[in-house]
Number of protein chains: 2
Amino acid sequence: MKVAIQGEPGSFSEQAALNLLPQARIDCCPSFREVFAHLADRVVDRALIPIENTLAGSVTENYDLLREQNAFILAETQLRIEHNLIIHPESSPKQIRRVLSHPVALQQCRTFLRKHPDWEVVPFYDTAGSVKAIMANGWKDAAGIASRRAADVYHARILQEGIEDNKKNYTRFFLLGRTETRSKQADKVSLALTVRNQPGALFKCLSVFALRDLNLTRIESRPVPGRPWEYCFYIDFMGNPQQAPTRNALRHLEEITDSVKILGVYPSAQSEESRRSGKGESKKRANPKLDVSNFFD
Amino acid sequence: MKVAIQGEPGSFSEQAALNLLPQARIDCCPSFREVFAHLADRVVDRALIPIENTLAGSVTENYDLLREQNAFILAETQLRIEHNLIIHPESSPKQIRRVLSHPVALQQCRTFLRKHPDWEVVPFYDTAGSVKAIMANGWKDAAGIASRRAADVYHARILQEGIEDNKKNYTRFFLLGRTETRSKQADKVSLALTVRNQPGALFKCLSVFALRDLNLTRIESRPVPGRPWEYCFYIDFMGNPQQAPTRNALRHLEEITDSVKILGVYPSAQSEESRRSGKGESKKRANPKLDVSNFFD
């Protein structure tokens with residue numbers, strides 16, 4: 001199975017893809033738009049995209065692409081993001097003049113970087129890509145900020161581990177496919193909706209879930225292009241359309257919205273983790289040993 | 001009166017500042033964080049920040065800074081964003097090899113840029129700053145994407161007007177002060193809240209407004225740093241705490257939230273525009289000729 005990601009080998013996206021599909025071959029794309037295009041054009045079987053980070057927030061471009069393109073969420077996974085200062089093995093701390101990484105990674109290491117005001121901070125297109133460039137060009141005056149895996153992949157040297165400001169740094173990723181798959185194991189639904197621009201419209205939408213005790217885990221809003229000051233809402237909630245409350249909620253939602261698009265019905269990362277470790281809810285499940293990598297074939 | 005903005009003379013922020021305060025002297029800062037710092041440190045009297053664009057969405061850094069810092073919203077204004085291709089007066093279309101602008105502006109002109117695949121697209125820190133750099137360095141091989149005003153300010157030449165993909169491109173800005181001002185003319189409230197992580201929590205918050213027929217105009221969520229998968233919600237609604245429904249809604253909100261922070265009580269851009277042009281709701285107002293520039297002193 002081939003999976004498209006945005007970024008280079010050693011990136012957090014690659015790690016997340018291998019967490020869900022350990023045997024996958026990775027297709028590295030320069031942009032998220034290209035990741036979606038490779039999925040649509042059957043260059044790959046799956047795509048894996050980051051959707052939100054617990055410090056930086058939503059990856060808004062991917063929210064927009066999910067609504068715009070025909071891709072469905074098959075699974076989610078969460079990754080602890082640890083940043084490391086990585087250099088060429090033949091370099092030394094004294095030689096560093098500039099630090100390269102993705103802008104979000106640079107921002108997440110601000111406290112560390114402030115201690116080195118003499119280093120030039122250079123935004124780069126990818127965390128792992130910064131290490132790749134340092135090794136490919138033999139740069140001794142540059143350090144990259146990336147994952148431990150990036151250092152391994154490019155045979156670079158970790159100078160300092162865990163340089164991020166905040167350790168509670170997680171990214172949530174979606175695994176995408178071309179066709180919708182709804183399993184019995186699914187316990188989470190993601191959807192995008194637009195409402196008529198009238199008082200109480202969003203309140204009515206949320207009542208659909210609240211009235212049925214369905215737990216909302218996320219709401220995000222994005223502008224609707226060409227309709228200034230109107231918004232599309234992205235909602236995640238715990239449920240499965242195979243059960244009546246979720247089915248009724250979705251039907252109720254169609255009554256009161258302009259449009260509803262189901263983005264995916266999938267097992268939540270929490271249930272997935274507890275299922276794998278054999279703890280928690282998974283004990284109640286029919287087939288706790290089912291492997292997620294086969295599950296979506 | 002001195003107003004801090006992020007960006008250069010000729011930027012959209014400068015235009016927005018002068019729309020609200022025509023006599024203001026502008027203090028140009030390299031980052032939004034510095035804009036807030038200059039306001040707190042009394043380097044300036046006011047700050048002006050963009051908060052959302054109808055195509056790109058929220059300026060999330062400014063949402064975070066509003067919650068973190070002690071600044072209050074005194075007014076809002078909206079600006080139609082028009083992008084122009086601008087060159088050195090001694091250059092010509094044939095000489096262009098690269099196009100510089102803020103990443104959001106580059107993204108908003110994607111259709112135009114696709115027609116010129118031979119041009120290198122270079123992200124720059126500011127729209128007007130790209131024109132400034134072209135003129136300061138005498139670059140004949142570069143074009144900037146910026147406002148008409150930027151061309152005027154730096155005596156550069158507009159090669160092509162209105163190159164944006166979508167004409168329905170507006171940015172909403174906030175004027176900030178150090179102390180909260182609540183006028184009778186105010187008809188909009190902005191606040192930030194956090195809720196206990198329990199089912200129906202957000203629904204209960206929205207019910208506070210819906211039960212009192214108070215119109216919500218915007219909801220935005222941002223992660224709470226250090227509390228993974230918990231969110232802070234930013235809400236704008238039409239109301240004034242001098243009226244009972246708004247006062248009661250705010251009291252009700254305090255009952256059911258973890259924290260509520262009022263970010264500002266101010267006249268909405270719509271009411272402001274209709275007041276200035278002498279149309280619409282303003283006719284009902286006590287003092288329709290009140291000037292916004294004196295209003296916040």
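Residues numbered from 1 in each chain as written. Chains lettered and ligands numbered in written order. Predicted model: local features only at pLDDT ≥ 70, side-chain atom pairs only at ≥ 80, totals over all residues.

Draft legend 1. Expanded view of the relation of the copies chain B and chain A. When chain B is fitted onto chain A, the two copies agree to an RMSD of 0.0 Å after a turn of 180° and an axial shift of 0.0 Å. Considering both components of the superposition, the chain copies are consistent with a two-fold axis. (Least-squares fit on C-alpha atoms with pLDDT ≥ 70 in both.)

Draft legend 2. Summary view of the interface of chain B and chain A. Taken together, the 26 residues of chain B in the interface contact 26 residues of chain A. Looking at the side of chain B that touches chain A, the elements that each hand over two or more residues are α8 (201-210) and β13 (216-223) of chain B. Ranked by the residues each element gives to the side of chain B that touches chain A, the list is headed by β13(B), at 6 residues. Taken together, the residues of the side of chain B that touches chain A break down into 13 nonpolar, 9 polar and 4 charged. (Contact = placed C-beta atoms within 7 Å. Helix = DSSP H or I, 4+ residues; strand = E, 2+ residues; numbered from the N terminus. Nonpolar A, V, L, I, M, F, W, Y, C, P; charged D, E, K, R; others polar.)

Draft legend 3. Fine view of the packing of α8(B) against helix α9 (residues 244-256) of chain B. Residues and elements named next belong to chain B. Interaxial distance between α8 and α9 falls to 9 Å at its minimum, and their mutual angle equals 165°. When the axes of α8 and α9 are compared, the pair comes out roughly antiparallel. Two packed elements cross with a definite hand, and for α8 against α9 that hand is right-handed. Across the interface between the two elements, Lys204, Cys205, Val208 and Phe209 from α8 touch Ala249, His252, Leu253 and Ile256 from α9. Classifying every residue of the contact of α8 with α9 gives 6 nonpolar, 1 polar and 1 charged. (Axes fitted to C-alpha atoms, helices over the stretch in contact; angles between N-to-C directions. Parallel < 35°, antiparallel > 145°, perpendicular 65-115°, else oblique. Left-handed = near helix turned anticlockwise from the far one by under 90°.)

Draft legend 4. Fine view of the pairing of strand β9 (residues 142-146) of chain B. Residues and elements named next belong to chain B. Among the 5 residues in β9, 5 count as buried, and that is most of the element. Relative to β9, strand β6 (residues 84-87) runs antiparallel, the two sharing 3 bridges. Bridge pairing links Ile86 to Gly144 in β9. In the sheet, strand β7 (residues 98-101) pairs with β9 via 3 bridges, with the strands oriented parallel. Paired with Leu100 across the two strands is Gly144, which belongs to β9. (Buried ≥ 20, exposed ≤ 12 C-beta atoms within 10 Å, placed from the backbone. Pairing = 2+ DSSP bridges.)

Draft legend 5. How the structure looks around the environment of A:Arg157. All names here are of chain A. Tracing the backbone shows Arg157 in strand β10 (residues 157-160). Note on Arg157: 16 C-beta atoms within 10 Å, which makes it partly exposed. Spatially, the C-alpha atom of Arg157 lies 42 Å from that of Thr181, the residues being 24 residues apart in sequence. Once residues within four sequence positions are removed from consideration, Arg157 is found in contact with Ile86, Ile87, Pro89 and Ala151.

Draft legend 6. Broad picture of the domain arrangement of chain A. All names here are of chain A. For chain A, the assigned domains read domain 1 (1-80 + 171-179), domain 2 (84-160) and domain 3 (180-282). Placing the centre of domain 1 and that of domain 2 at their C-alpha centroids yields a distance of 24 Å. Taken together, the contacts link 9 residues of domain 1 with 14 residues of domain 2. Considering only residue class, the side of domain 1 that touches domain 2 consists of 4 nonpolar, 4 polar and 1 charged. (Domains from an automatic or database assignment.)

Draft legend 7. Molecular detail of unusual backbone geometry. The phi dihedral of A:Arg42 falls on the positive side, at around 65°, and the residue is not glycine. Turning to its location among the elements, A:Arg42 is positioned in the loop between α2 (32-40) and β3 (46-53). Overall, the presence of 9 C-beta atoms within 10 Å leaves A:Arg42 in the exposed class. Not every positive phi belongs to a glycine, and B:His155 is a case in point at roughly 55°. Of note, B:His155 is situated in the loop between α7 (148-153) and β10 (157-160).

Draft legend 8. How the structure looks around the sheet that holds β7(B). Residues and elements named next belong to chain B. The strand order across the open sheet formed by 5 strands is β8-β7-β9-β6-β10, and the pairing between neighbours is mixed. Here the strands that pair on one side only, and so sit at the sheet edges, are β8 (120-123) and β10. Taking the axes of each pair of neighbouring strands and ignoring which way they run, one obtains an average angle of 35° across the sheet. Its contacts with the sheet place helix α6 (residues 127-137) against β6, β7 and β9, and it is angled at close to 150° to β9.

Draft legend 9. Quick peek at the confidence of the model for chain A. All names here are of chain A. In the predicted model, chain A carries a mean pLDDT of 90, and 91% of its residues have values of at least 70. Model confidence for chain A, summarised as mean pLDDT per element, is weakest for helix α11 (residues 292-295) at 35 and strongest for strand β6 (residues 84-87) at 98. Segment residues 280-297: pLDDT under 50, and 24 contacts once partners within four positions in sequence are set aside and those in other chains are kept. Model confidence for the complex: the whole-complex pTM is 0.88, and ipTM, which rates the interface, is 0.87. (pLDDT = per-residue confidence, 0-100.)

Draft legend 10. Highlighting the sheet that holds strand β8 (residues 120-123) of chain A. All names here are of chain A. The strand order β8-β7-β9-β6-β10 describes an open sheet built from 5 strands, whose pairing is mixed. The open sheet has two free edges, formed respectively by β8 and β10, since each of these has just one partner strand. Across the sheet, the mean angle separating the axes of adjacent strands is 35° when strand polarity is ignored. Contacts from helix α6 (residues 127-137) reach β6, β7 (98-101) and β9 (142-146), with the element oriented near 150° to β9.

Draft legend 11. Spotlight on the environment of B:Pro50. All names here are of chain B. Mapped onto the secondary structure, Pro50 falls in strand β3 (residues 46-53). Distance from Pro50 to Leu176, taken between C-alpha atoms, is 11 Å for residues 126 residues apart in sequence. When residues no more than four places from it in sequence are discounted, the contact partners of Pro50 are Ser13, Val59, Asn62, Thr171 and Phe173.

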